[in-house]
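Structural features, examined
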Amino acid sequence: MHTPKAPEPDVFLDAIQNLDHAFKFANIHSEAIERLKYPKMMIHVSIPIRMDDGSMRVFEGYRVRHDDTRGPSKGGIRYHPDVNLSEVKALAFWMTCKTAVVNIPFGGAKGGVIVNPKELSPMELERLSRGFIQRIADFIGPETDVPAPDVYTNPMIMGWMMDEFSKIRRHHIPAVITGKPIPLGGSQGRLDATGRGAYFCVKEHEKQRGWKPENVTVAVQGFGNAGQSIARLLHADGYRVVAVSDSQGGIYREEGFHVPSLIQAKQSTHRLHPVYCTDSLCELIDTSRISNEELLELDVDILVPAALECVITSENASRIKARTILEVANGPVESAADPVLREHGVFVIPDILANAGGVTVSYFEWVQNKAGYYWTEEEVHAKLHLIMTREYRAVSELAEIHDVDMRTAAYIHALTRIGEAITAHGTKEYFRNNK
Ligand code: NAD
């Protein structure tokens, strides 16, 4: 008998549930909450591309600008076969909240193209990236909406996109996009900024827990830009990274991995190999293969989802054994899973705080592009450290004051800042009383 497939959850509707929850505690007008339930603008485009064999394929893409009350909207561009409008809206909404959590003068946006980039040649990928920018060129700009990398996009793609935008406008405009290669106006410290921001959160959390790094075990799901940097920084600090995975599955080793070796092998072969490397010589080591689902349920101190959204759901939440979840991915925990995790005593460092290091250094890149004056890596790290530590502590304090979890506290923090900006334009009370 044919069993009908369950409908896909609407990620955006799930994401905005946090608004009503945090509204009870945040200093924000109900009108502002209502506004945030709708993205400001959305564009749906088709991009016809000439493939290497001479045939034509049409790809579809989206750009969503959720809110720009606090400044130009900001957010990455994702290339993935499962990209859909609801997901892009959710990602844009999280960006609005994230930029407010770290108090940088941006709103939130996101883009996505429905494509499996692994199936395209480098030239096809370049044509697609330039084609997407041609379609959205009137929708983005350094003062309106500033894209950046996300899943399966990288600095080289950002470089092509900036170049295409500059050609359209007939002058060099590096500030239109962040996450660019350094010779094209990228910032020092941008490549590992998401992981480094998350690492600064862990260092604060470590003090709260009284942890000693060598006794703390870590599992990382997703071994791309963000997953590799958090794993590398934690490993360098003495944390024991016992499991990592990518889209093909994971590897587990109780003694922990030598993370730089895993990164070296992944970068040269594009695959996750359990290896130990001395210089360019890598040797396979004994490990167990695990699935992505098994990785999530490992008995570790810190679980780091660093791939896609909605991997921890009401179905598997009760089986999560990690003491702390560090949300390096956007939206890895469904809203229905949050109460279950709370009940099981799992401490969640939420995405809009944990992965905000990426957009923070993107902001630094934008500032440097506009000023035409560039900072050293040490300066970038120090400024990022200041912001992440300050906001982690502010969110922790709010969690204590209101006796809520870190996610609710982060939303209270963000909504209060967004609310102040929206209210400054006037509310119904203002307009009623000043007829
Ligand atoms: P990436 O493309 O560099 O890496 C993605 C990784 O996830 C790859 O290792 C891929 O193999 C793995 N993956 C894909 N599907 C998977 C699956 N079903 N199960 C397990 N692993 C899977 O992307 P990234 O930039 O590292 O982004 C990862 C997450 O971090 C995303 O949620 C993204 O929105 C978030 N994020 C990224 C940044 C940034 O600056 N790059 C900033 C903030 C948040």
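None of the values given here were measured: they were computed from a predicted structure.

Some thoughts on the overall build of the protein
- Per the secondary structure count, the protein includes 16 helices and 14 strands.
- Expected size for 435 residues packed as a compact globule is a radius of gyration near 22 Å; at 21 Å, the protein falls within 12% of this value.
- Across the 435 residues of the protein, 59% fall into the buried class.
- Intrachain contacts of the protein at a sequence separation of at least 6 include 68% that bridge at least 24 residues.
- Here the protein displays about 19000 Å² of accessible surface, and carbon together with sulfur accounts for 52% of that area.
- Seen as two clouds, the 48 positive and the 56 negative side-chain charges of the protein have centres 5 Å apart.

Some points on the sheet that holds strand β2 (residues 56-67)
- On the basis of which strands lie adjacent, the open sheet formed by five strands has the order β1-β2-β4-β3-β5 and mixed pairing. Bordering the open sheet on either side are β1 (41-50) and β5 (145-149), each of which pairs with just one other strand. For this sheet, the mean angle separating the axes of adjacent strands, direction not counted, is 25°.
- Bridge analysis of β2 against strand β4 (residues 107-114) gives six bridges, and the strand direction is antiparallel. In the sheet register, Tyr62 faces β4, and the bridge partner there is Gly112.

Some remarks on helix α6 (residues 155-169)
- Its 15 residues give α6 an end-to-end C-alpha distance of 21 Å, which sits within 8% of 21 Å, the value for a rise of 1.5 Å per residue.
- For α6, the secondary structure elements touched by its buried residues are β3 (73-80), α5 (122-136) and β5.
- Of the residues that open α6, the one with a side-chain oxygen 3.2 Å from the backbone nitrogen of Met156 is Asn154.
- Of the residues trailing α6, Arg170 is marked for its positive phi of about 65°.

Digging into the pairing of strand β6 (residues 217-221)
- Among the five residues that make up β6, five are buried, leaving the element largely enclosed by the rest of the structure.
- In this sheet, strand β7 (residues 240-246) lies alongside β6 in parallel orientation, the contact comprising five bridges. By the bridge assignment for β7, Thr217 is matched with Arg240.
- Chirality of the crossover, the property in question, places the unit of β6, helix α8 (residues 225-236) and β7 among those that are right-handed.

As for empty space enclosed by the protein
- Tallying each qualifying case throughout the model produces one cavity of 30 Å³ or more.
- In this structure, the largest cavity encloses a volume near 130 Å³.
- Forming the walls of the largest cavity are 16 residues, and the residues nearest its centre are Asp14, Asn18, Trp94, Gly331 and Val333.
- Elements represented by at least two residues in the lining of the largest cavity include exactly α1 (11-15) and α15 (406-423).
- Broken down by element, the lining of the largest cavity gets its largest block of residues, three residues, from α1.
- Tallied by class, residues from the lining of the largest cavity come to seven nonpolar, three polar and six charged.

Examining the site of the ligand
- The environment of the ligand is formed by 22 residues, the closest being Asp150, Tyr152, Thr194, Ala307 and Asn330.
- At 2.7 Å from an oxygen atom of the ligand is found a side-chain nitrogen or oxygen belonging to Thr194.
- The protein chains hide 88% of the 830 Å² of surface that the ligand would expose on its own.
- Tallied by class, the residues present in the shell around the ligand amount to nine nonpolar, nine polar and four charged.
- If you count residues domain by domain, the shell around the ligand takes at least three from each of domain 1 (39-172) and domain 2 (193-354).

Brief notes about the sheet that holds β7
- Strands sit in the order β11-β8-β7-β6-β12-β13-β14 across an open sheet of seven strands; the sheet is mixed. Pairing within the sheet leaves two strands with one partner each, and these edge strands are β11 (288-290) and β14 (347-349). Sheet twist, expressed as the average angle between the axes of neighbouring strands with direction ignored, equals 20°.
- Across two bridges, the pairing between strand β12 (residues 302-305) and strand β13 (residues 324-326) is parallel.

Remarks on the side chain of Arg190
- Among the structural elements, Arg190 can be located in the loop between α6 and α7 (193-209).
- Nearest to the buried, unbridged Arg190 among oppositely charged side chains is Glu365, at 4.9 Å.
- Within the structure, Arg190 has its side chain in polar contact with the backbone oxygen of Gly358 (distance 3.4 Å).

Considering the packing of α7 against helix α14 (residues 377-402)
- Viewed as axis vectors pointing N to C, α7 and α14 meet at an angle of 45°, and their least axial separation amounts to 9 Å. Classed by the angle they form, the pair α7 and α14 counts as oblique. For the crossing formed where α7 meets α14, the hand is right-handed. Residue-level inspection shows Ala193, Arg196, Gly197, Phe200, Cys201, Glu204, His205, Lys207 and Gln208 of α7 in contact with α14, the latter providing His381, Leu384, His385, Met388, Thr389, Tyr392, Arg393 and Ser396.
- Residues that form the contact of α7 with α14 fall into these classes: six nonpolar, seven polar and four charged.

Some thoughts on the domain arrangement of the protein
- When its domains are assigned, the protein resolves into domain 1 (39-172) and domain 2 (193-354).
- Placing the centre of domain 1 and that of domain 2 at their C-alpha centroids yields a distance of 27 Å.
- Contacts between the two partners involve 13 residues from domain 1, matched on the other side by nine residues from domain 2.
- Both faces considered, domain 1 and domain 2 share a buried interface measuring about 870 Å² in area, 57% of it formed by carbon and sulfur atoms.
- Its largest share of buried area at the contact with domain 2, domain 1 owes to Trp94, Lys98 and Val101, together 48% of the area lost on that side.
- Scanning the region where domain 1 abuts domain 2 turns up one salt bridge.
- Among the ionic pairs, Glu309 bridges to Arg78, the shortest N-O distance being 3.0 Å.
- Elements represented by at least two residues in the side of domain 1 that touches domain 2 include exactly β3 and α4 (85-101).
- Of the residues that constitute the side of domain 1 that touches domain 2, the class distribution is six nonpolar, one polar and six charged.

Definitions and cut-offs
- Residues numbered from 1 in each chain as written.
- Predicted model: local features only at pLDDT ≥ 70, side-chain atom pairs only at ≥ 80, totals over all residues.
- Heavy atoms only, no water.
- Helix = DSSP H or I, 4+ residues; strand = E, 2+ residues; numbered from the N terminus.
- Rg over C-alpha atoms; globule rule 2.2 N^0.38 Å.
- Buried < 20%, exposed > 50% of the residue type's maximum accessible area, 1.4 Å probe, protein only.
- Contact = heavy atoms within 4.5 Å.
- Areas by Shrake-Rupley, 256 points an atom, 1.4 Å probe, with all protein chains shown as cover.
- Lys, Arg positive; Asp, Glu negative; His and termini not counted.
- Charge placed at Lys NZ, Arg CZ, Asp CG, Glu CD.
- Pairing = 2+ DSSP bridges.
- Axes fitted to C-alpha atoms, helices over the stretch in contact; angles between N-to-C directions.
- Expected span 1.5 Å × (residues − 1).
- Polar contact = N/O pair within 3.5 Å; in protein donor to acceptor, adjacent residues only side chain to side chain.
- Right-handed = clockwise from strand over helix to strand, strands pointing away.
- 1 Å grid on protein atoms, 1.4 Å probe; cavity = no way out; pocket = protein on both sides within 12 Å on 5 of 7 lines; lining within 4 Å.
- Points joined across faces, edges and corners; volume = space filled by probe spheres on them.
- Nonpolar A, V, L, I, M, F, W, Y, C, P; charged D, E, K, R; others polar.
- Near = heavy atom within 4 Å.
- Domains from an automatic or database assignment.
- Salt bridge = Lys/Arg side-chain N within 4 Å of Asp/Glu carboxyl O.
- Parallel < 35°, antiparallel > 145°, perpendicular 65-115°, else oblique.
- Left-handed = near helix turned anticlockwise from the far one by under 90°.
- Buried area = accessible area lost by both parts, 1.4 Å probe.

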